[in-house]
Amino acid sequence: MTAAHGREFLSIPGPTNIPDAVLAAMQRPAIDIYSGDMLDLTCSLHEDLPKIFRTAGRTYIYAANGHGGWEAAVSNVLSRGETVLVLESGLFAAGWGDMARMMGVKLEVLKGDWRRAVDPAAVAQRLEADTSREIKAILVVQIDTASSVVNDLPAIRRAIDAVGHPALLMVDAVASLGCMSFEMDAWRIDVAMAGSQKGLMTPPGLAFVAANERAHTAHQKADLRTRYWDWTFRQGQAHYQKYGGTPPEHLLFALRKALDLLLAEGLEHAAARHALLAEATRQAVGRWTEGGTLAFNITRPAERANSVTNVLMQDRSPQPLLDYCRHQCGVVLGMGIGDLAGRAFRIAHMGHVNAPMMIGTLGAVEMGLAALGIPHGAGGVQRAVEYLGREVRPAAPPPA
């Protein structure tokens with residue numbers, strides 16, 4: 001017997017659910033790439049992307065996934081033989097650093113803990129020891145979806161400033177942009193990159209890089225530059241240069257509608273919505289952990305991300321639960337990856353998601369825990385509902 005028929009709930013940390021209006025925006029013929037509406041579309045996207053990054057710097061759009069965004073960021077500001085410092089807190093900063101290493105950059109990893117955020121004091125200590133200033137850039141993620149940690153970027157910026165180190169601060173905001181506060185200029189981030197498929201509610205296939213003046217100064221002497229990723233080429237007057245060739249038109253139609261939706265909601269309201277749904281999830285998981293089998297991967301509550309929650313299963317494989325939720329309930333959860341492969345499952349709460357979707361997802365997990373006889377504290381969904389009932393108040397009636 002299955003209760004899976006109906007709309008499938010995709011609860012993985014990317015790609016996320018795509019709004020119907022965004023899908024509909026793609027259902028149109030291709031248009032001329034040299035004039036008219038396409039030029040206006042490009043102009044509007046480059047006007048609005050800085051608003052999302054909260055920067056006065058330049059933004060660049062690539063037909064690529066997030067890994068392409070990594071390469072675009074590295075190749076435009078670094079040279080062969082230069083050193084980058086990777087701040088480990090999960091899988092993805094290390095992956096970004098490994099890409100840089102394969103491109104000819106020297107790699108140093110500040111070892112971290114998959115259950116903790118980056119320690120700013122450790123960053124300051126390492127940079128203070130770099131008296132010859134060999135470290136040219138620092139690579140860090142704001143949210144690592146493999147561990148579900150959120151790193152404190154303002155604190156990391158303060159640690160860098162405390163020792164007066166000139167390294168560029170480069171941030172992967174793939175899992176945070178559109179989901180939580182990101183203040184590129186206020187936090188003095190030099191290079192930021194993101195992808196289309198998470199908080200920006202667009203199909204996979206677009207990567208974005210934002211860069212300030214310090215980054216563009218470094219760009220002038222970077223010898224890793226290649227024609228496709230090159231910022232100077234993309235600043236050219238010809239429209240095709242903005243995309244390094246033919247624009248990915250239909251993804252751009254989708255992005256335009258997604259940004260319209262996000263800006264209409266308001267970045268602050270979107271961040272508040274994510275915070276509410278994340279905490280509701282944590283309320284449920286917190287109750288489930290009382291059975292002794294499940295645990296939060298991130299040990300400190302303040303370091304738990306608002307876009308994904310990683311749940312450890314301490315004495316068994318999570319695969320039966322993943323299979324139950326998918327086949328019996330129509331809910332697709334994220335599997336553990338990297339060091340947590342076969343040891344954890346992930347519940348995403350990012351992008352185009354609301355309270356009923358999260359309550360449904362949590363309900364499927366609790367069904368699975370019960371059906372499979374996995375020890376857990378009962379009433380996790382009820383706790384999530386009670387939390388949202390307290391926090392989400394009725395709208396004020398209009399004035400008479």
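None of these values were measured; they are calculated from a predicted model.

Here is what the cut-offs are and how they apply
- Residues numbered from 1 in each chain as written.
- Predicted model: local features only at pLDDT ≥ 70, side-chain atom pairs only at ≥ 80, totals over all residues.
- Heavy atoms only, no water.
- Pairing = 2+ DSSP bridges.
- Helix = DSSP H or I, 4+ residues; strand = E, 2+ residues; numbered from the N terminus.
- Axes fitted to C-alpha atoms, helices over the stretch in contact; angles between N-to-C directions.
- Contact = heavy atoms within 4.5 Å.
- Core = buried A, V, L, I, M, F, W, Y, C linked by side-chain atoms within 4.5 Å.
- Buried < 20%, exposed > 50% of the residue type's maximum accessible area, 1.4 Å probe, protein only.
- Right-handed = clockwise from strand over helix to strand, strands pointing away.
- Salt bridge = Lys/Arg side-chain N within 4 Å of Asp/Glu carboxyl O.
- pLDDT = per-residue confidence, 0-100.

### Details of the sheet that holds strand S13 (residues 331–335)
Across the sheet, five strands lie side by side as S1-S13-S14-S12-S11; this open sheet has mixed pairing. Strands with a single pairing partner mark the edges of an open sheet, and in this sheet they are strand S1 (9–11) and strand S11 (294–296). Within the sheet, the average angular offset between the axes of one strand and its neighbour, ignoring direction, is 35°. Pairing between S13 and strand S14 (residues 344–348): two bridges, direction antiparallel. Across the sheet, residue Met 335 finds its bridge partner in S14, namely Phe 345. Packed onto the sheet, helix H12 (residues 355–371) meets S1, S11, S13 and S14 and runs at close to 160° relative to S14.

### A closer look at the nonpolar core
In this structure, Phe 53, Leu 87, Ile 138, Phe 182 and Ile 189 are the most contacted members of the largest nonpolar core, which totals 50 residues. Broken down by element, the residue count for this core peaks at eight residues, all from helix H9 (residues 249–265). Once residues within four sequence positions are removed from consideration, Leu 87 is found in contact with Ala 93, Leu 110, Val 118, Val 123, Ile 138, Leu 139, Val 140 and Ile 156. Tyr 60, Ala 93, Met 170 and Trp 229 belong to the second largest nonpolar core, which has 33 residues in total.

### Things to note about the pairing of strand S4 (residues 106–110)
Two strands pair when backbone bridges link them, and strand S3 (residues 83–87) and S4 are joined in this way by five bridges, in the parallel orientation. Bridge pairing in S4 places Thr 83 opposite Lys 106. Of the crossover connections in this fold, the one passing from S3 over helix H4 (residues 92–102) to the parallel S4 is right-handed.

### Things to note about the pattern of salt bridges
The full count for this structure, using the stated rule, is 20 salt bridges. Lys 51 serves as the salt-bridge partner of Asp 48, at 2.9 Å between the closest nitrogen and oxygen. Residue Asp 48 and its partner Lys 51 are both found in helix H2 (residues 37–53); the two are separated by three residues, about one turn of the helix. When salt bridges with common partners are traced through the structure, they connect Arg 157, Asp 161, Arg 188, Asp 190 and Arg 214 into a single cluster.

### Looking at the confidence of the model for the protein chain
Of the residues in the protein chain, 100% reach a pLDDT of 70 or more, and the chain-wide mean stands at 97. For the protein chain, the element scoring lowest by mean pLDDT is S1, at 95; strand S8 (residues 168–172) scores highest, at 99.

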